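Structural features, examined
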Amino acid sequence: MVAEYVPVLILMGLVFAFTVAAVLVTFVFGPKKPTPEKLAPYECGIQEIEAPQQRFPVKYLVTGMLFIIFDVEAASLIPLSILMRQLKMTGFVELIVFAVVLTVPFVYVWRKGAFTWE
Amino acid sequence: MLLHQIAFYVLAAVAIASALGVISFRSAVYSMLSLIVNLMSLAFFFLMLQAIFIGTIQVLIYAGAVMVLFLFVVTMLAPDTESVGGRNPLRWQWGAGIGLGIILAGGLILAVVNGSLARDAHAVGADGLARQVALHGNVEAFGLALFHGFSFPFEITSVLLVIAVLGAVVLGRRILGREE
Amino acid sequence: MSDVAWIVVAAVVKSAIAIGALLTIFAYMTLVERRVIARFQRRVGPNRAGPLGLLQPLADGMKMAFKEQIIPTKARRLIFVLSPAISVFVALIAFAVVPLGNTTTWGTSPVAIAWAPFIADLNVGVLYMLAISSLAVYGIVLGGWSSGNHYSLLGALRSAAQMVSYEVSIGLALAGVLMLSGTLSMVGIVHAQVAQGIWFILAQPLAFVLYAIAATAEVNRAPFDLPEAEQELVAGYLTEFSGLRWSLYQMAEYINMITVSSIAATLFFGGWTLGGLEGIPGMPFVWYTIKVAIFLFIFIWVRATLPRIRYDQLMKVGWQALLPLSIINLVFTGLAVALGWPWWASGLFGLGVLLIVAVVLYNRLRLRQAMERQSGEAVPLALPSSVRLVRIAPATASESGDGVVAAPAAPAESVTTS
């Protein structure tokens, strides 16, 4: 008895071998004539003034957090979806309750402007 | 089953090594990458237990969503703050960590040696669950259990998510509030 | 040989074929894209290397391999070298669950299943694809971060926020199809369409439109190619990559396009079926290929037609339009399925919602045009405060000679990111 996922693992193994080969090939071919100018960060011809890692808008973080929440929602709704035929109205009521409860914070976040980027 | 055992020990080694990597790398990015490897090896553990749905969800939620948030934080760190060299200012954490770790390890070892976990697992019907999975398929078995037996906890999850949304907005309120 | 050995051999052979085929399609996809885009722009495109330029991908590959592979001094070497490989790895393994041929008449013995036209028929098929594609963000963000370059980091962060914003809509839009099919297995979804006698596009038009938009954003294609917006960010996360490492990123992008096209073909357009013509031996694969090819062509067409959207618009569309619409679609489809209504109930509902959205957008456009006609000048757009408008004075007649187009009266936008 071979589990159904074994072919996927084999594919992963082959792809892994391919990517390792691809990474190694990048070191083999091609000329290597480094100069300080060539290896400097690309700045459209001017000197770099400061390091790229700076303070970034916290909005990215808010987006990330909201994403986790709605991703969990989607992941919860997918098993419910495929059982909808069997669960009938019970399933629909569960779907409605879940959706309505999550609509409230969604509207709240919308009103707070979390989706409005400047 | 020999292959199964080899796979288990390899995965266990990867999981433990990457878990150690999370706490021992000085650079936050490498810590984060170790955590991703750790979460992926957990997904493979679920796969070995025939719980392919849980394994996939593990990748989708933890590796694909939670770690993206970590990625945001870590990539924005300035290079000089990313690795804190020298003496650790919070030395007492070492003692507390070691103490709590010993308690946790002791509890786990006790549970494994006693076999209490295995007994409980039989009590809730791991065999019955395996039969369900064979009958309906993985996702269906999970869903039927969730929506027939545990629909109240499922709906409570949505309330938990509401609280999480509010938390996210409160944490980001400075920037959001400035626009009003 | 034992069954197990056969299964392993079959998996190795099929995986090798899949990898080889995807890489070949990637290579020729670049050629097709350049030729087609050239036609759209009334150019000829690359036609020198071989007949019709058919050897161009080969020439490009050789050129890329023998270019200098630059690793900037500011880069974190290890992650910089590995991140293109992460992108390609994730893109290639996502393809495992796509059924490429007729599986209803296939044998049921283990060896027959081992040679079936898919690599694996996972019980969690669609979820597997979603999970794997959610990992695609790592290759891009780590590549951008490890470059040690402003443009790369900005492109990477934009791309991460963009990809996560549209991922949720993809999941929720596909959930509507899953309600109809009752299974997550890609093979099972095609079988469900055969059994119900329809393609799910008919029952889920709204879900398809939402999926199409979100998937385009997910693979960073125009008009959602902000991570590599060359006017603002040089090349985004790709800025510091050269030679083969750059090719690997391109490879990942094109393979992701093939994968999302395959999902669309399988979930909404019946995969390898074509109204009964799938009975002819060998033809199911052709039908599948044609469907995917049409989607790939639409990708190119859209790129040639639509201008890139602004970042605030991107976030607005993702969170304020796609997400609510996909939940509405899901709830109504749930109602239809729970009450056992026929498939056209949710189909009509989806078309109705699409019609309402179209009317609203059209009215908004008409309103703007009417206001412009009244006031005689361009009505200012509702722009975010970080976008500053620069008015370019109309060139006088003496300055603009014959054949020189005068500067447009419409304000030129100078976009700055906050």
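Cut-offs used in this document
Residues numbered from 1 in each chain as written. Chains lettered and ligands numbered in written order. Predicted model: local features only at pLDDT ≥ 70, side-chain atom pairs only at ≥ 80, totals over all residues. Helix = DSSP H or I, 4+ residues; strand = E, 2+ residues; numbered from the N terminus. Buried ≥ 20, exposed ≤ 12 C-beta atoms within 10 Å, placed from the backbone. Contact = placed C-beta atoms within 7 Å. Nonpolar A, V, L, I, M, F, W, Y, C, P; charged D, E, K, R; others polar. pLDDT = per-residue confidence, 0-100. Axes fitted to C-alpha atoms, helices over the stretch in contact; angles between N-to-C directions. Parallel < 35°, antiparallel > 145°, perpendicular 65-115°, else oblique. Left-handed = near helix turned anticlockwise from the far one by under 90°. Core = buried A, V, L, I, M, F, W, Y, C linked by C-beta atoms within 7 Å. Expected span 1.5 Å × (residues − 1).

Things to note about the overall build of chain A
Counting secondary structure elements, chain A contains four helices and zero strands. Across the 118 residues in chain A, those meeting the buried criterion constitute 40%.

Considering the overall build of chain B
For chain B, the helix and strand inventory stands at ten helices and zero strands. Listing every helix and strand of chain B by position from the N terminus yields α-α-α-α-α-α-α-α-α-α. Looking at the 180 residues of chain B, the share that counts as buried comes to 23%. Across chain B, every contact between residues at least 6 apart in sequence was considered, and the portion connecting residues at least 24 apart equals 46%.

Re the interface of chain A and chain C
On the side of chain C, 73 residues touch chain A, which itself brings 56 residues to the contact. A total of 15 residues in the side of chain A that touches chain C trace back to one element, the largest contributor, which is helix α1 (residues 6-28) of chain A. In terms of residue class, the side of chain A that touches chain C is made up of 41 nonpolar, seven polar and eight charged.

Comments concerning the interface of chain C and chain B
The interface is formed by 18 residues belonging to chain C together with 15 residues belonging to chain B. Counting residues per element, the ones that place at least two in the side of chain C that touches chain B are α5 (125-133), α6 (136-146) and α7 (150-181) of chain C. Among the elements that line the side of chain C that touches chain B, the one with the most residues is α7(C), at five residues. For the side of chain C that touches chain B, the residue count by class is 16 nonpolar, two polar and no charged.

Here's the deal with the environment of Leu335(C)
Assignment of secondary structure puts Leu335(C) in helix α14 (residues 311-338). As for Leu335(C) and Ala345(C), which are separated by ten residues in sequence, their C-alpha atoms are 10.0 Å apart.

Looking at the confidence of the model for chain A
Note that predicted coordinates carrying low pLDDT should not be read in detail. Residues of chain A with pLDDT of at least 70 account for 84%, and the chain-wide mean is 78. Taken element by element, the predicted model of chain A shows its lowest mean pLDDT in helix α2 (residues 36-39) of chain A (70) and its highest in α1(A) (85).

Regarding the packing of α14(C) against helix α15 (residues 343-375) of chain C
All names here are of chain C. Two numbers describe how α14 lies on α15: the axes approach to 9 Å, and their chain directions differ by 155°. Relative to α15, α14 is oriented roughly antiparallel. Between α14 and α15 the crossing geometry is right-handed. Contacts between α14 and α15 pair Leu325, Ile328, Asn329, Phe332, Thr333 and Ala336 from the former with Ala345, Ser346, Phe349, Gly350 and Val353 from the latter. Of the residues that constitute the contact of α14 with α15, the class distribution is seven nonpolar, four polar and no charged.

Notes on the nonpolar core
Ranked by internal contacts, the top residues of the largest apolar core, which has 185 residues, are Leu66(A), Ala160(C), Tyr211(C) and Ala214(C). In terms of residues, this core owes the most to one element, α7(C), which gives 20 residues. Ignoring sequence-local partners within four residues, the contact set of Ala160(C) consists of Val68(B), Leu71(B), Phe72(B), Val137(C) and Val141(C).

Considerations on the packing of helix α3 (residues 59-82) of chain A against helix α9 (residues 151-171) of chain B
α9(B) packs onto α3(A) with a crossing angle of 170° between their chain directions and a minimal axis gap of 9 Å. By the angle class used here, α3(A) and α9(B) are roughly antiparallel. In this structure, α3(A) contributes Val62(A), Met65(A), Leu66(A), Ile69(A), Val72(A), Glu73(A) and Ser76(A) to the contact, and α9(B) contributes Phe154(B), Thr157(B), Leu161(B), Ala164(B), Val165(B) and Ala168(B). In terms of residue class, the contact of α3(A) with α9(B) is built from ten nonpolar, two polar and one charged.

A few points about the confidence of the model for chain B
Mean pLDDT over chain B works out to 76, with 74% of the residues at or above the 70 mark. ipTM for the predicted complex: 0.84, alongside a pTM of 0.83.

Description of the environment of Val4(C)
All names here are of chain C. Within the element layout of this structure, Val4 appears in helix α1 (residues 3-40). Assessed through the 13 C-beta atoms surrounding it within 10 Å, Val4 is described here as partly exposed. Between the C-alpha atoms of Val4 and Val111, which are 107 residues apart in sequence, the distance is 8.4 Å.

A few points about α15(C)
All names here are of chain C. An ideal rise of 1.5 Å per residue puts 48 Å on 33 residues; α15 measures up with 49 Å between its terminal C-alpha atoms. By the burial criterion, the buried members of α15 are Ser346, Gly347, Phe349 and Gly350. Residues of α15 that are buried sit in contact with α9 (200-203), α10 (205-218) and α14.

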